[in-house]
Amino acid sequence: MADESTRQANKRGSARLAAVQALYQMDIGQATLEDTLAEFQTYRLGHELEGEQYLPADADYFKHIVRGVVQNQLKLDPIIDKTLQSGWPMTRIDATLRALLRAGVFELTMRKDIPFKVVIREYVDVALAFYEDEVPGMVNGVLDAVARQYSEGYGAKD
């Protein structure tokens, strides 16, 4: 039983990583939502592409995150902008980091059923896949600040 829940958790982590990649691709390449979802479903999630093996992912959760970010971007961006250090608006951060923060803030604000600690840890792990410098710590700080404001039970004893 624990093995099955671990596999499901790993598939959600892979879905989060793929969602950040898809959101980045949409931001940079101006691809449509449906085209991007179809491409990832057909060629990336659990497949090999250009020598890179994509991990099996929870495809439904991947789609949920990407669609949710796109549909709620006008709500998410001001939350992120307000949380970033002054002088570093959303427009000043790179597309990968924008995609990562949008996905993380979407889950923290719209998915109350997922523990905020899990969301923060997963997106810090995603940040570590792309960055080696101070960015993972910044992601942790931004998502933690959003969790303080939007997550029920923040600061409650475990």
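Only a predicted model underlies this, so the values are computations on that prediction, with no experimental measurement involved. (Residues numbered from 1 in each chain as written. Predicted model: local features only at pLDDT ≥ 70, side-chain atom pairs only at ≥ 80, totals over all residues. Heavy atoms only, no water.)

(A) Local environment of the layout of surface pockets. Reported here for the largest pocket is a volume of approximately 290 Å³. Along the wall of the largest pocket there are 14 residues; nearest its centre are Trp88, Ile93, Leu97, Glu134 and Met138. Considering every element that reaches the lining of the largest pocket, the biggest residue donor is helix H6 (residues 135–150), with 3 residues. By residue class, the composition of the lining of the largest pocket is 8 nonpolar, 2 polar and 4 charged. (1 Å grid on protein atoms, 1.4 Å probe; cavity = no way out; pocket = protein on both sides within 12 Å on 5 of 7 lines; lining within 4 Å. Points joined across faces, edges and corners; volume = space filled by probe spheres on them. Helix = DSSP H or I, 4+ residues; strand = E, 2+ residues; numbered from the N terminus. Nonpolar A, V, L, I, M, F, W, Y, C, P; charged D, E, K, R; others polar.)

(B) Looking closely at the side chain of Glu107. Position of Glu107 among the secondary structure elements: in helix H4 (residues 95–110). Assessed through its relative accessible area of 0%, Glu107 is described here as buried. A polar contact of 2.8 Å, which involves the side chain of Glu107, links it to the side chain of Arg16. With sequence-adjacent residues up to four places away left out, Glu107 is seen in contact with Arg16, Tyr61, Ile65, Ile114, Val119 and Tyr123. (Buried < 20%, exposed > 50% of the residue type's maximum accessible area, 1.4 Å probe, protein only. Polar contact = N/O pair within 3.5 Å; in protein donor to acceptor, adjacent residues only side chain to side chain. Contact = heavy atoms within 4.5 Å.)

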